[in-house]
Amino acid sequence: MITAVVYSESGGTYKTTMTANIAVALERMGQRTLVVDLDPQEGNLTSLFDAGERRSDPDADNLVKHILDMPEGEFDELIETTAEGVDIVPSHDMLGDFTSNLEQKISYETGMKNMSREEYPRFELLYELLWEKAELHEKYDAVLIDPNARAEDLLYNAIFALRTLVAPVKPAGKGNLSLEGLEDLVGNMERQLDIEIGLSCVIPSGVGQTNAHQQYQQQFEETEAFATPVAIGNRESLMDAMWEARGSAFKVVEERWKTFERDGEMVSEAGQRRVRDREIETLRRLYELAQFIATDTFDADVHPVLELNIQDDGTNVIDLRDGEKAPVKTT
Ligand SMILES: Nc1ncnc2c1ncn2[C@@H]1O[C@H](COP(=O)(O)OP(=O)(O)OP(=O)(O)O)[C@@H](O)[C@H]1O
Ligand SMILES: [Mg+2]
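Being a predicted model, the structure only gives us computed values, none of them experimental.

Novice: Any chance you could explain the sheet that holds strand 2 (residues 33–37) here in plain terms?
Specialist: Taken in spatial order, the eight strands line up as 3-4-2-5-1-6-7-8 in an open sheet, and their pairing is mixed. The sheet is open, and its two borders are formed by strand 3 (80–81) and strand 8 (232–233), each paired with just one other strand. Here three bridges tie strand 2 to strand 4 (residues 87–89), and the two strands are oriented parallel to one another. Directly across from Val36, in strand 4, lies its bridge partner Val89.

Right, dumping it as structure tokens:
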């Protein structure tokens, strides 16, 4: 079973786009993949994948009701299947009030059972839901979580449930700081919860061509402290188009989504994007990253060949067993 929380202490480090791309890559490798969105804010994984139609409806059954053990339906009914085959448990606005709802539950239950608040297993609720109640291991090969780093209760629940982190970092003075934060967080949680937490890898992302950026990347690649299987370049145009394509970077390239100006207005359409070698290379790296997580961290067997069926441009076959060789084009 592949389980990972895509974690970064700082905001805007490409967690959500990274989660979507890893999830779709795993799905394309033959892994039945579920993503759980714990971020109630705009621009979350749920909106990226065009899911969660009832995320603002307080009457709708939702993930928070299930985590707090007050479901109004089956857990399976929360799950939606996206256009690219990845399943998602969508976000809900109620995630924004998670801690206050949890505090109420704790007051009620500790009062009933004459137990102290400190004894209450507040970080173990998601674990119980995903593995003991929903038995996700019966239905999926991979589960990824896009957490809300600012909401400690939800983040700790996510880490307690999945135990492994994947950490995208951005090249800035802050990149290093957030890694120190990561080590502190892991150490604290391991002690507090008496569990082991693994760091699968760190992914330098948004790396540009400037000297400072290149040096930063090199610094990451040379360290022994953690694995950096790939670095992802500055790919704003490709990743931003994901929000229009409502899916992964693989979908953007295959359907050739592009945002451009027409008659003074910005529009986004499929069938418009030029196929660029550097973007194909980025897809290869994302696929390689998913392969690293699956095989190096979790010992899973995955399909190492990525076939891109690009609209009006034939098929690109990328075989990860070929090392650094250029993709084969078989139009
Ligand atoms: N490699 C990249 N290079 C440049 N821009 C990128 C890259 N990856 C993603 N982006 C863009 O950066 C923006 C922020 O990405 P994203 O929403 O994934 O970050 P996040 O860490 O989830 O943010 P938040 O902390 O708000 O949840 C998006 O507009 C996205 O398209
Ligand atoms: Mg996000």
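Novice: Explain the site of ligand 1 here, please?
Specialist: Every one of the 17 residues lining ligand 1 counts as a neighbour, but Gly11, Lys15, Thr16, Thr17 and Met239 are closest to it. When residues of the shell around ligand 1 are traced back to their parent elements, those giving at least two are helix 1 (15–28), strand 7 (198–207) and helix 9 (236–245). Of the residues in the shell around ligand 1, the class split is three nonpolar, nine polar and five charged.

Novice: I keep staring at the nonpolar core and nothing clicks. Help me out?
Specialist: In a soluble, globular protein the nonpolar side chains are often hidden away together inside. Counting 86 residues, the largest nonpolar core has Ala158 and Ala290 as the members making the most contacts within it. The biggest single contributor to this core is helix 6 (residues 152–162), with eight residues.

Novice: So what exactly am I meant to see when it comes to the packing of helix 5 (residues 125–133) against helix 6 here?
Specialist: Two quantities define a packed helix pair, namely the angle between the axes and the distance from one axis to the other. Two elements in contact, helix 5 and helix 6, have axes whose closest approach is 7 Å; the angle formed by their N-to-C orientations is 45 degrees. Judged on the interaxial angle alone, helix 6 and helix 5 are oblique. The handedness of the crossing between helix 5 and helix 6 comes out as right-handed. Between helix 5 and helix 6, the contacting residues are Leu125, Leu126, Tyr127 and Leu130 on the first element and Asn157, Ala158, Phe160 and Ala161 on the second. Class assignment for the residues of the contact of helix 5 with helix 6 results in seven nonpolar, one polar and no charged.

Novice: I tried to follow helix 1 on my own but got confused; where do I start?
Specialist: Spacing of three or four residues puts side chains on the same side of an α-helix, whose turn is 3.6 residues. Over its 14 residues, helix 1 runs 20 Å from end to end, which matches the ideal 20 Å to within 8%, given 1.5 Å per residue. Counted residue by residue, helix 1 has 14 buried out of 14 residues, so it is predominantly covered. Count one or two residues on from helix 1 and you reach Gly30, which has phi positive near 95 degrees.

Novice: In this structure, what is going on with unusual backbone geometry? I would like to understand it.
Specialist: For Glu135, which is not glycine, the phi dihedral falls at a positive 45 degrees. Mapping Glu135 onto the fold places it in the loop between helix 5 and strand 5 (142–146). Phi at Arg163 is positive, roughly 70 degrees, even though this residue is not glycine. Structurally, Arg163 can be placed in the loop between helix 6 and strand 6 (164–169). You can call Arg163 partly exposed: it has 16 C-beta atoms within 10 Å.

Conventions and cut-offs
- Residues numbered from 1 in each chain as written.
- Chains lettered and ligands numbered in written order.
- Predicted model: local features only at pLDDT ≥ 70, side-chain atom pairs only at ≥ 80, totals over all residues.
- Pairing = 2+ DSSP bridges.
- Helix = DSSP H or I, 4+ residues; strand = E, 2+ residues; numbered from the N terminus.
- Near = placed C-beta within 6 Å.
- Nonpolar A, V, L, I, M, F, W, Y, C, P; charged D, E, K, R; others polar.
- Core = buried A, V, L, I, M, F, W, Y, C linked by C-beta atoms within 7 Å.
- Buried ≥ 20, exposed ≤ 12 C-beta atoms within 10 Å, placed from the backbone.
- Axes fitted to C-alpha atoms, helices over the stretch in contact; angles between N-to-C directions.
- Parallel < 35°, antiparallel > 145°, perpendicular 65-115°, else oblique.
- Left-handed = near helix turned anticlockwise from the far one by under 90°.
- Contact = placed C-beta atoms within 7 Å.
- Expected span 1.5 Å × (residues − 1).

These figures come from the coordinates and say nothing about function on their own.
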